[in-house]
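Coordinate analysis (summary)
One-letter residues, chain by chain:
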Amino acid sequence: MELSESVQRGLQSLADPSSFDRRSYQVLVDVSFRSLLSSQADPSVLDQPELKQIDQILLKQSHTAATTFILEAVKQNADKSTISSCLEELSFSADRIEIFYSTHQEHRKEVERLLASIGRCPPHIHDASWCLQYHVKNDQVDKINEPFYLISLNTEKERSSDDINFTCTVEQLQDLVGKLKDAAKSVEKASQM
């Protein structure tokens, strides 16, 4: 796994028993998963009694590094050997690796669902409607006499509907239609290969 220098430093601090004893390490790992899975950002997530004695800057850096590592591990579908070797390179003891991995396995499916819900899939257009309007005049000019279109695209993403509305001139609409035809031809050619 490729990790930035700041994430590596944060994880190395987390691996250091002089910075995080066994109990505070366990609590921080639990808190890191909990903060990812909570539906709302909770500013008091790090206000645990076991974490009070730790320097707040170090605590926040380690928390950020841990959550980044968790997300990367789930995103890459990392197995135990990958996680273990990555943490070993960052000076984690076998005991700390086991604590992390068991917590990771406990929450893995939930984090996968979270990442899947974010997704990269844009909404799907299932309906389009339009209306021709006419500008007669505006505040600055007495007469404009220019047609324009009101376009409404009904989209759906994960069973929730939304409308995208915009206006365009005749020329802009012709340009949009031309680009959509080009895209349709490209998809058609790609599907024939």
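For the structure, check the block above.
Treat the numbers as computed from the prediction; the structure is a model and nothing was measured.

**Some points on the packing of helix α2 (residues 22–37) against helix α5 (residues 94–118)**
Between α2 and α5, the shortest axis-to-axis distance is 10 Å and the interhelical angle comes to 10 degrees. When the interaxial angle is binned, α2 and α5 end up roughly parallel. Facing R22, Y25, Q26, V29, D30, F33, L36 and L37 of α2, the residues of α5 in contact are D95, R96, I99, F100, T103, H104, H107, E110, V111 and L114. Looking at the contact of α2 with α5 residue by residue, the classes come out as nine nonpolar, four polar and five charged.

**Things to note about α2**
Across its 16 residues, α2 extends 23 Å between first and last C-alpha, which sits within 8% of the 22 Å expected from 1.5 Å per residue. All buried positions along α2 are accounted for by S24, Y25, Q26, V27, L28, V29, V31, S32, F33 and L36. Buried-residue contacts for α2 involve α1 (5–15), α3 (56–75) and α5.

**Some words on the nonpolar core**
Ranked by size, the top nonpolar core spans 36 residues in total, and within it L11, F92 and F100 carry the most contacts. Elements that contribute at least two residues to this core include exactly α1, α2, α3, α4 (80–89) and α5. Among the elements that line this core, the one with the most residues is α3, at eight residues. For F92, the residues in contact, after removing those within four places along its chain, are L11, L14, A15, Y25, L87 and I97.

Calculation rules
Residues numbered from 1 in each chain as written. Predicted model: local features only at pLDDT ≥ 70, side-chain atom pairs only at ≥ 80, totals over all residues. Heavy atoms only, no water. Axes fitted to C-alpha atoms, helices over the stretch in contact; angles between N-to-C directions. Helix = DSSP H or I, 4+ residues; strand = E, 2+ residues; numbered from the N terminus. Parallel < 35°, antiparallel > 145°, perpendicular 65-115°, else oblique. Contact = heavy atoms within 4.5 Å. Nonpolar A, V, L, I, M, F, W, Y, C, P; charged D, E, K, R; others polar. Expected span 1.5 Å × (residues − 1). Buried < 20%, exposed > 50% of the residue type's maximum accessible area, 1.4 Å probe, protein only. Core = buried A, V, L, I, M, F, W, Y, C linked by side-chain atoms within 4.5 Å.

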